[in-house]
Amino acid sequence: MGAKIGEIIRAGSRPTSLEALTGRVVAVDAQNTLYQFLSTIRQPDGTPLTDSAGRTTSHLSGLIYRTTHLVAKGLKLVFVFDGKPSELKAEVLKARAERRAEALRKWEEAKVLFPEEPEKSFKYAQASAKVDAAVVEDAKRLLTYLGVPCVQAAGEGEAQAAFLVQRGDAELVSSQDYDSLLFGAPVVVRNLTAAGAPRRKAALEVVELRAVEERLGLTREQLVDLAILVGTDFNPGVKGVGVKRALKLVKTQKQTQKQQTQKQQTQKQQHHALEELVENYELVRKIFLQPEVSETYELNWGAVEAERVKEFLCEEHDFSVERVSKVLEKISQTARQTRQKRIEQWF
Amino acid sequence: MFEAKIDLGVLRGCIEAITAVADEGRLRITEDGLKLRSVDPANVAMVSFELQSDAFDDFSLELAGAVETEKEGKGEEGKETSIGMDFVKLLGILGIGGRGGEEIELKLDEKGQKLFTRMGSLAYTISLLASDSLRKDPKVPELEFPAQVILEIEDFKRGIRAAEKIAENIVLGVDGESEEFFMEAEGEMDKLRLGLRKEQLIYLTPPAEKVRSLYSLDYLSAMSRGISACHAEQLTLNLGKDYPLQIDFEVADGRGKVSYLVAPRIESE
């Protein structure tokens, strides 16, 4: 998922801690997070968690046990949900649906072929995970009961999340991939929603757009060009062009630009060259650089409605009353605790 | 080229005071001495440090072809360089050096990005951190404190030590009306209050109204240890209401100073 330039961007990440994020407003890429929950919170043979009616509850489990861990640590979360996908994403979505169908078939096969070796079917089960409308509805309902605000994006959730940060309504974007940086988010934190998982392996890390720009010697526009060359959710990328080659291409274009005196002329030329290489170049570029966003949203962190959470999770979806009550108690304690301020507030 | 000699105990105290807040940082070397300003990784506290060149037994700085920067306000050309230092590592090295009264020689090889140190018969070469791997120097916060207290170090340390036994946080405040400085902590079972009236303090600027702020003992305990390491005698505390705390004290017999700043904890909204 996302643009294929993760590797060179990740090189500029630095470790962080939950404590360093205390009191910060984090715009969470909901689609990405729910997908993580659905694909990882499973039984050993890959079967997702379900209630007695057979409905999947992996996403609810992730929200109630992991997300609340972050709330208890004093993070202020906002979940940003995808709006209408761009038409250019149709190819990617179709390919994903095919991969899911294939994974589902292989999973069924593996369950029959290797009943004694559940790990063989687990990866297929994971790949078959899908964030569907029911999952999104459930998540919004539970988050509302937990007092966590939800924002509906006009288009891409990550673009909306980046917009929240640009506007100053949030401080960082939480996502596993780096598209938010391309959408203009100044800081992205990875592995946040995995924090609080029982066997978490991945450490928390942050990536700053400015640091990436400085290290690679590229502007955000050029970073977008780079991503377009290697492939994004909205275009397949140029055949035979990997990250290294794309970096060279984008940089040489920068040089020609410097040599020319008439800037507009060059930009036109530059775009001209990329347009020849990439189908829909201008359209894809616009998705990243002038994304469609919603400006009418409200962020209110409400009180936890403990009774409604219990009703929804324990009565409707068979969660353990004891475990859920424990979590709710933990959050209500947090509400009474004091919060550590950061020094830069006085700079 | 930078070369200097200084009392080992003095330098060790200073570095220990820095490590109360920052594990690493950019140490500026100027003709006037050493300077540092660094924020802790969680952005809760800041340390500012200055050690004048006359605190050293020898101090020479010659920078051939180095960047010359305009000295603020004076209009003269000032020379300076900066090195990325792992203070925790340096403190460990100074710890094996020997007893107080001994001298340490420092020599910077700018090209190799190494600092040579010699303590008697022990020579130790420290690899410096790449300057670009360090965070940018923090800005100077603009603060106006309604209350100021100058007190004996021992009084402050006693308050911190007592609070550590029962709580994670401590309140520091000044009651303008009764002209009293107080430290308070509350644990699950126990409560603690240390009150010092004006005559028990060295100096007090009482605020118009009562001010108090809550601070994490994680930070104040570390700072208290840093203060002890420098053998300072008195502390200046600058306070406000739900406001940062600034702690100033002198090092190297007044030829240097350390200033800590720590952000408060506040009741959650």
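Residues numbered from 1 in each chain as written. Chains lettered and ligands numbered in written order. Predicted model: local features only at pLDDT ≥ 70, side-chain atom pairs only at ≥ 80, totals over all residues. Heavy atoms only, no water.

A. Focus on the sheet that holds strand β9 (residues 114-119) of chain B. All names here are of chain B. A sheet is described by the order of its strands in space; here five strands give the open sequence β5-β1-β8-β9-β10, paired in antiparallel fashion. Both outer strands of the open sheet, β5 (58-61) and β10 (122-127), are each paired with one neighbouring strand and no more. Each neighbouring strand pair of the sheet contributes to a mean axis angle of 20°, computed without reference to strand direction. As paired elements, strand β1 (residues 2-7) and β5 share four bridges and run antiparallel to each other. Within β5, the position partnered with E3 by the bridge is S60. Strands in contact with helix α1 (residues 8-19) are β1, β8 (103-109) and β9; relative to β1, the strand with the most contacts, it is inclined by about 100°. The strands touched by helix α2 (residues 87-95) within the sheet are β8, β9 and β10, with β10 carrying the most contacts at an inclination of about 175°. (Pairing = 2+ DSSP bridges. Helix = DSSP H or I, 4+ residues; strand = E, 2+ residues; numbered from the N terminus. Axes fitted to C-alpha atoms, helices over the stretch in contact; angles between N-to-C directions. Contact = heavy atoms within 4.5 Å.)

B. Expanded view of the packing of aromatic side chains. In this structure the tally under the stated criterion is nine aromatic pairs over all chains. Plain terms: the ring middles of Y65 of chain A and F319 of chain A are 6.3 Å apart, the flat faces sit at 40° to each other, and that makes the pair tilted. Taken together, the residues span a long stretch of sequence, with Y65 of chain A in helix α3 (residues 58-72) and F319 of chain A in the loop between α14 (306-316) and α15 (321-336) at a distance of 254 residues. By the burial criterion, Y65 of chain A is buried, and F319 of chain A matches it. Ring geometry for F2 of chain B and F59 of chain B: centres 5.3 Å apart, planes at 65°, overall edge-to-face. In this pair, F2 of chain B sits in strand β1 while F59 of chain B sits in strand β5, placing the two residues 57 residues apart along the sequence. Here the aromatic residues F183, F234 and F288 of chain A are joined through ring pairs into a cluster of three or more. Sitting over the ring of W301 of chain A, K76 of chain A keeps its end group 4.5 Å from the ring centre. (Phe/Tyr/Trp six-rings, centres within 6.5 Å; stacked < 30°, edge-to-face > 60°. Buried < 20%, exposed > 50% of the residue type's maximum accessible area, 1.4 Å probe, protein only. Lys NZ or Arg CZ within 6 Å of the ring centre and 35° of its normal.)

C. A look at the pattern of salt bridges. Residues and elements named next belong to chain A. Within this structure, the stated rule accounts for 29 salt bridges over all chains. Residue R210 pairs with E214 through a salt bridge whose shortest N-O separation is 3.9 Å. Taken as a pair, R210 and E214 lie in helix α9 (residues 209-216) at a separation of four residues, close to a single helical turn. For E214, a relative accessible area of 53% corresponds to the exposed category. Among the ionic contacts, a cluster of salt bridges with common partners joins R24, E171, R342 and E344. (Salt bridge = Lys/Arg side-chain N within 4 Å of Asp/Glu carboxyl O.)

D. Representation of the packing of helix α4 (residues 90-113) of chain A against helix α5 (residues 118-127) of chain A within the structure. All names here are of chain A. At their nearest, the axes of α4 and α5 sit 8 Å apart, and the two run at 155° to each other. With respect to each other, α4 and α5 are oriented roughly antiparallel. Along this stretch, α4 crosses α5, giving a crossing that reads as left-handed. Taken together, the residues of α5 that come into contact with α4 (itself represented by R100, A103, K106, W107, A110 and K111) are K120, S121, Y124, A125 and A127. (Parallel < 35°, antiparallel > 145°, perpendicular 65-115°, else oblique. Left-handed = near helix turned anticlockwise from the far one by under 90°.)

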